[in-house]
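# A closer look at the structure
One letter stands for each residue in the lines below.
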Amino acid sequence: MTAVAERVGAPRSEPGLRVRFGWAVTDTLTITRRNLLVWMRVPAYLVFTVIQPVMFVLLFRYVFGGAIPVHTVGGYVNFLMPGIIAQTAAFATFGTAIALAQELKKGVIDRLRSMPMARSAVLAGRLVADTLRMLITILIIIGVGYAVGFRFTNGFVPAVAMVALATVFGVAIAVISAYTGLAIGDEESVQAFGLIWLFPLTFLSSAFVPISTMPGWLQAFAKNQPVTYVIDTMRGLALGGPVEANLWKSLVWLAGIFVVFSPLAVRAYRRAS
Amino acid sequence: MSQVNGVGGQPAILVEGLTKSFGEVHALRGIDLSVPRGTVLGVLGPNGAGKTTAVRILTTLLLPEGGRALVEGYDVVREAAAVRRSIGLAGQSAAIQEELTGRENLEIIGRLYHLSWPRARRRAIDLLEQFGLSDAADRAAKTYSGGMQRRLDLAASLVGQPKVLFLDEPTTGLDPRSRLGMWDIIRSLVADGTTLLLTTQYLDEADELANEIVVIDHGLVIAAGTSEELKGRVGGDVVEFTVPDRSRIGDAVTAIAKIGEGEPHADKETGVVSVGVGGRGSEALVEAVRHLDGAGVEVRDLALRRPSLDDVFLALTGHAAEEEQPNGRRRGRRRGRGTSKTVERTAS
């Protein structure tokens, strides 16, 4: 009668919580490793991620910058770099959306979902790999900034804090991107309009010009949107000056983005077809 | 306690009254299937018939609405984790990471099946060998031919040593030679005792590979049986010929309507006309020649042949094995082994 335990339909003993948590971690690392391998195999990915912000640095530093009056220690290049870094972090998430849309279309996500691996690992591994990628891109851009005259003037620890805030901001946008990529599920559409909202959000902020130079109606938007809070905080950390008020507003906004879009992204992954 | 000794006797796949809709579209309207262990079920039907939806439910990718489905005795909804440990899936496109090598692709899948690194490596080497990819093992998969990519994809579906394998249109889009290669590989898997559910739009493919065939159309099983049983439904032989002058197809159909047991079928694109003639074989062939000659219609390749699954589909559904175009237009499928590049994956 021992065979009764093998009764068809009887749940096989499922692994315990601890084992499953262990798998979730190793599966996430495996997916992270896979994504980083792909990234390293195609140097073009890095070049494309870096080349656009580098051109922006050069364009604004040497072409437009002279015409933009700022009251920043060290001049316009110091004003510019925190904005460029935030934009770089946000735009790096195009890769997140496009990669997920591709995997969805090619059936990679179907295969992974049909396997006995941790379901959280595909999204988590994607975000971990993309965060590392984003961090490397930010460091390269800071290097380029230094080459054209940018300097952190507020000390080492606040500089590190600025990079950390830019990264957390990038991850928040990456969660939105992940949701967008999975919900749209088509590489071309994602590329064409999936993340087009990032352009007004980053340009209609304090990233490139002081908000006081904008017309009144635009100021109302630019002053009160999260990208401005994040960039103003980053500027305070990089160059000195008041930080606290903007930091709180940034953190509340970023927390709000995580709370809203993480479940949406997870749901889109579960339903992906 | 019939169930006690019954593990071997229980079907590997059991589906009862399965339904699923997407908004207004009823993809599955109550499907029953039973696949004994170690056998091959061919699920045959046009694009949009519900084949892929059925596979997605059985592989835990999609939740059913009504009915139930068991794989290896595990319920696909309540015991999805156990189902996932028992199955392998290869879909309509090669679900591989093209930037990575064949070896890396398989090793990563092995790791995700929680094999240790040495075992994942070993498994990758064995599968690359088995699928004739050893020489290409360390090349990026994007340099592979279409056939090689599909073989790598199939290898990936076997990393976890599944008891039940689902192949959703495994040869769609492959050239005829790669298709034959794929068939050989699939046959060898079945010889090893794997239970296989295979969906296809190709009638000859189901004929070649499957023990049992179910025909699905508009979300319903419209016929089931062995290839021979299904052919028996057509009721005998078929007279078939080609009309080179397409404007005379109508005349040809009228001329042979008298000899057939059912309505003749004409394909306006290819000019191929066929009609079932029951057991009257060569007698019907002679009559066909006489009637066509009398009507003054010139024909080519006039022949008497055993019915194909094409004819079965025609007899069962009243239309040829067609694919539903996204815009609702129907389009006839060519006969024979020629593959079509027009097949697109429809959202389901």
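How each quantity is defined
- Residues numbered from 1 in each chain as written.
- Chains lettered and ligands numbered in written order.
- Predicted model: local features only at pLDDT ≥ 70, side-chain atom pairs only at ≥ 80, totals over all residues.
- Helix = DSSP H or I, 4+ residues; strand = E, 2+ residues; numbered from the N terminus.
- Buried ≥ 20, exposed ≤ 12 C-beta atoms within 10 Å, placed from the backbone.
- Contact = placed C-beta atoms within 7 Å.
- Pairing = 2+ DSSP bridges.
- Axes fitted to C-alpha atoms, helices over the stretch in contact; angles between N-to-C directions.
- Domains from an automatic or database assignment.
- Parallel < 35°, antiparallel > 145°, perpendicular 65-115°, else oblique.
- Left-handed = near helix turned anticlockwise from the far one by under 90°.
- Nonpolar A, V, L, I, M, F, W, Y, C, P; charged D, E, K, R; others polar.
- Right-handed = clockwise from strand over helix to strand, strands pointing away.

## Notes on the overall build of chain B
Secondary structure summary: chain B contains 11 helices and 16 strands in total. Relative to its full complement of 348 residues, chain B shows a buried share of 48%. Pairs at least 24 residues apart make up 68% of the contacts formed inside chain B by residues separated by at least 6 positions.

## Focus on the sheet that holds strand S12 (residues 265-267) of chain B
Residues and elements named next belong to chain B. In spatial order, the strands read S12-S13-S11-S14; together these four strands make up an open sheet with antiparallel pairing. Every other strand in the sheet has two partners, leaving S12 and strand S14 (300-305) as the edge strands with one partner each. The sheet shows a mean angle of 15° between the axes of neighbouring strands, direction not considered. In terms of strand pairing, strand S11 (residues 237-242) meets strand S13 (residues 272-278) through six bridges, oriented antiparallel. Across the sheet, the residue bridging to Glu240 is Ser274, located in S13. This element, helix H9 (residues 249-257), spans S12 and S13 of the sheet and lies at about 5° to S13. Across the sheet, helix H10 (residues 281-295) lies against S11, S13 and S14, angled at about 155° from S14, the strand it touches most.

## A look at the environment of Glu187 of chain A
Residue and element names in this part refer to chain A. Topologically, Glu187 is positioned in helix H8 (residues 187-194). By the C-beta count within 10 Å, which is 20 here, Glu187 ends up buried. It is 5.3 Å that separates the C-alpha atoms of Glu187 and Ala101, two residues lying 86 residues apart in sequence.

## A closer look at the domain arrangement of chain B
The domains assigned to chain B are domain 1 (4-230) and domain 2 (236-306). Computed from C-alpha atoms alone, the centre-to-centre distance between domain 1 of chain B and domain 2 of chain B is 39 Å.

## A look at the packing of helix H3 (residues 76-91) of chain A against helix H11 (residues 226-239) of chain A
All names here are of chain A. Where H3 meets H11, the closest approach of the two axes is 9 Å, and the angle between their N-to-C directions is 130°. Between H3 and H11, the angle is such that the two are oblique. Once H3 is placed against H11, the crossing between them reads as right-handed. Facing Asn78, Pro82, Gly83, Ile85 and Ala86 of H3, the residues of H11 in contact are Val227, Val230, Ile231, Met234, Arg235, Ala238 and Leu239. Its residues assigned to classes, the contact of H3 with H11 comprises nine nonpolar, two polar and one charged.

## Observations regarding helix H3 (residues 102-112) of chain B
Along an α-helix, residues three or four positions apart point the same way, because every turn accommodates 3.6 residues. The buried fraction of H3 of chain B amounts to 11 of the 11 residues, a majority that puts the element mostly inside the structure. If you check which residues of H3 of chain B are buried, you get Gly102, Arg103, Glu104, Asn105, Leu106, Glu107, Ile108, Ile109, Gly110, Arg111 and Leu112 of chain B. On its buried face, H3 of chain B sits against helix H1 (17-41) of chain A together with helix H4 (117-130) and helix H5 (146-157) of chain B. His114 of chain B lies just past H3 of chain B and shows a positive phi near 65°.

## Brief notes about the pairing of strand S8 (residues 195-200) of chain B
Residues and elements named next belong to chain B. Buried residues dominate S8, accounting for six of its six residues. What you see with S8 is no split at all: Thr195, Leu197 and Thr199 on one side and Leu196, Leu198 and Thr200 on the other are buried throughout. By the bridge criterion, five bridges tie strand S3 (residues 40-44) to S8 in an arrangement that is parallel. Bridging from a neighbouring strand, Val40 pairs with Leu196 of S8. Of the strand pairs in this sheet, strand S7 (residues 164-168) and S8 are connected by five bridges, and their pairing is parallel. The residue bridging Val164 from the neighbouring strand is Thr195, located in S8. Crossover S7 to S8 through helix H6 (residues 176-191) is right-handed.

## Things to note about the packing of helix H2 (residues 43-64) of chain A against H3 of chain A
Residues and elements named next belong to chain A. Two elements in contact, H2 and H3, have axes separated by 10 Å at closest approach and are oriented at 160°. In this view, H2 runs roughly antiparallel relative to H3, as classed from their interaxial angle. Seen along the crossing, H2 lies across H3 with a hand that is right-handed. Contacts between H2 and H3 involve Gln52, Pro53, Phe56, Val57, Phe60 and Arg61 on the former and, on the latter, Val77, Leu80, Ile84, Gln87, Thr88 and Phe91. When its residues are assigned to classes, the contact of H2 with H3 shows eight nonpolar, three polar and one charged.

## Digging into the pairing of strand S1 (residues 13-22) of chain B
All names here are of chain B. As paired strands, S1 and strand S4 (residues 66-71) are joined by five bridges and run antiparallel to one another. The residue of S4 that forms the bridge with Leu14 is Leu70. Here S1 folds back onto strand S2 (residues 25-35) in antiparallel fashion, the turn holding two residues, of which Gly23 has a positive phi close to 60°.

## A few points about the sheet that holds S2 of chain B
Residues and elements named next belong to chain B. Ordered by their spatial adjacency, four strands build an open sheet running S2-S1-S4-S5, and the pairing between neighbours is antiparallel. Two strands close off the open sheet at either side, each with one partner strand: S2 and strand S5 (74-75). Across eight bridges, S1 lies against S2 in antiparallel orientation. Looking at S2, one finds that Val15 is bridged to Leu33. Strand contacts of helix H1 (residues 51-58): S1, S2 and S4, with the helix running at about 115° to S1, the strand carrying the most contacts.

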